Amino acid sequence: MSTILDKFRSNQSSVKEDKPEITSETNVCENPTCEESDVTAVKGSEVSECESNTETEPKVTSVPKEQPKRSTIRVCKMGSDHNFANMNNHDFAFNLLNMKVVMDGCGSGKHSEVGTRLFGQLFARKAKEYFDKGESICEENFIEVVNSIFEKMLELCNDISFIFQNYCFTILVCFETEDEFVVYSCGDGYIIKENEEGISFDRLDDGEYPCYYIYNFITDKSTLIEYKDGVNFKVTRFAKTDYFNVGVASDGLRYSENLLDVEKAKLMKFLHEGKGPQIEVLINRNNRKNEMFHDDISICF
């Protein structure tokens with residue numbers, strides 16, 4: 001038995017001798033809480049030092065990267081009433097550089113989609129002309145541009161019955177500048193706003209007779225029930241310190257109030273996330289099941 005114990009003690013002694021000896025040249029971090037990121041290599045030396053957590057050097061805090069700006073939503077869907085009547089979509093929507101644009105044709109106009117599309121295409125061509133010159137359509141030249149487009153449209157046809165059937169439509173334009181969003185509106189529609197509290201809608205309502213900009217070019221004022229003295233754009237401003245996104249929509253957006261709560265929540269979520277195709281699917285689904293959106297709906301946000 002003593003022989004076995006002697007052998008065991010001998011083995012234990014040999015294990016202890018195999019442990020590496022710590023010398024003054026060994027690279028050791030004495031701080032047990034020191035992590036790998038705290039170790040800095042000294043240039044020109046093979047020695048690494050572990051910095052203490054109580055180091056007096058200024059601490060560098062990482063700045064979160066700015067989230068990439070999402071793309072602008074552009075939705076333009078036909079309402080169930082126009083689909084049932086086999087009529088065209090009277091709305092038109094597009095975005096150009098610093099602008100979001102929505103136009104909504106007069107419901108009583110037989111072919112008001114002609115006016116919205118013609119105006120939209122001429123407006124886009126005018127924007128390209130400015131861009132090619134290193135300029136842009138902005139608040140300072142917007143009214144001048146609009147007037148020139150209507151004058152060109154009237155060169156095609158200025159017959160009063162043609163005007164009422166084709167050229168009566170709402171114009172909504174949202175400019176984005178460095179400090180604010182500026183909405184120019186002439187006619188019915190909605191302003192869509194988003195801040196830290198969420199998304200909200202401001203309704204633009206002229207009552208029974210919306211103000212259409214074409215009224216300024218009708219010489220025979222006796223044909224007008226309202227706005228014989230002409231119409232002007234309403235200007236609404238939203239500071240970027242209060243809102244981080246603003247857009248516009250046609251008055252077909254009012255039918256979103258009739259959606260089920262779960263569908264309303266999805267609409268707000270898709271607006272926040274910039275998911276235009278999903279909004280189009282939602283509109284199609286609710287029109288197919290319940291004919292929810294009776295009027296054409298356009299969103300540029």
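Residues numbered from 1 in each chain as written. Predicted model: local features only at pLDDT ≥ 70, side-chain atom pairs only at ≥ 80, totals over all residues. Heavy atoms only, no water.

## Some words on the sheet that holds strand β4 (residues 91–96)
For the record, the criterion: Pairing between two strands requires that DSSP report at least two bridges joining them. Working definition: helices are DSSP H or I runs of at least four residues, strands are E runs of at least two. Numbering for both runs from the N terminus. Every angle, taken between N-to-C directions, lies between 0 and 180 degrees, and every axis is a line fitted to C-alpha atoms, over only the stretch in contact when it is a helix. Contacts: residue pairs with any heavy atoms within 4.5 Å of one another.
Ordered in space as β4-β5-β6-β7-β10, the 5 strands form an open sheet in which the pairing is antiparallel. Of all strands in the sheet, those with a lone pairing partner are β4 and β10 (234–239), marking the two edges. Going from strand to strand, the sheet's axes swing by 10 degrees on average, the running direction of each strand aside. This element, helix α3 (residues 112–132), spans β4, β5 (99–105) and β6 (169–176) of the sheet and lies at about 10 degrees to β4.

## Regarding the packing of helix α6 (residues 261–273) against helix α7 (residues 276–290)
Our working rule: Should an angle lie under 35 degrees it is considered roughly parallel, over 145 roughly antiparallel, and from 65 to 115 roughly perpendicular; all remaining angles are considered oblique. Crossings are sorted by hand: turned counterclockwise from the far helix by less than a right angle, the near helix makes the crossing left-handed, and turned clockwise it makes it right-handed. Residues are grouped as follows: Ala, Val, Leu, Ile, Met, Phe, Trp, Tyr, Cys and Pro are nonpolar; Asp, Glu, Lys and Arg are charged; all remaining types, including Gly, are polar.
At a minimum axis distance of 9 Å, the contact between α6 and α7 shows a crossing angle of 160 degrees. The angle between the axes of α6 and α7 places the two elements in the roughly antiparallel class. The two elements α6 and α7 meet at a crossing, and its hand is left-handed. Here Glu263, Lys266, Leu267, Phe270 and Leu271 of α6 lie close against α7, whose contacting residues are Gln278, Ile279, Leu282, Arg285 and Asn286. Each residue belonging to the contact of α6 with α7 can be placed in one class, and the counts come to 5 nonpolar, 2 polar and 3 charged.

## Regarding the pattern of salt bridges
Definition in use: Here, a salt bridge means any Lys or Arg side-chain nitrogen found within 4 Å of an Asp or Glu carboxyl oxygen. The buried label applies to any residue whose accessible area, calculated with a 1.4 Å probe on protein chains only, is under 20% of its type's maximum; exposed applies above 50%, and partly exposed to all values in between.
For the coordinates displayed, the defined rule picks out 13 salt bridges. Residues Arg254 and Asp251 are paired through a salt bridge, measuring 3.6 Å at the closest nitrogen-oxygen approach. The exposure class assigned to Arg254 is partly exposed, which follows from its relative accessible area of 25%. A relative accessible area of 13% means that Asp251 is categorised as buried. One salt bridge in this structure joins Glu273 and Lys275, with 2.9 Å as the shortest N-O distance. Look at the salt bridges and you will find they share partners, linking Glu139, Glu180 and Arg237 into a network.

## Details of unusual backbone geometry
Its identity as a non-glycine residue notwithstanding, Asn86 has a phi of 60 degrees, on the positive side. On the accessibility criterion, Asn86 (72% relative accessible area) is exposed. Even without a glycine there, the phi angle at Leu97 is positive, about 50 degrees. Tracing the sequence through the fold places Leu97 in the loop between β4 and β5. Assessed through its relative accessible area of 74%, Leu97 is described here as exposed.

## Section: the confidence of the model for the protein chain
Worth spelling out the cut-off: Note: pLDDT gives the predictor's confidence per residue, expressed from 0 to 100.
Considering every residue of the protein chain, the mean pLDDT works out to 83; 77% of them sit at 70 or more. Here residues 1–67 is a poorly scored stretch, pLDDT under 50, and it has 22 contacts once near neighbours within four places are set aside; other chains count.

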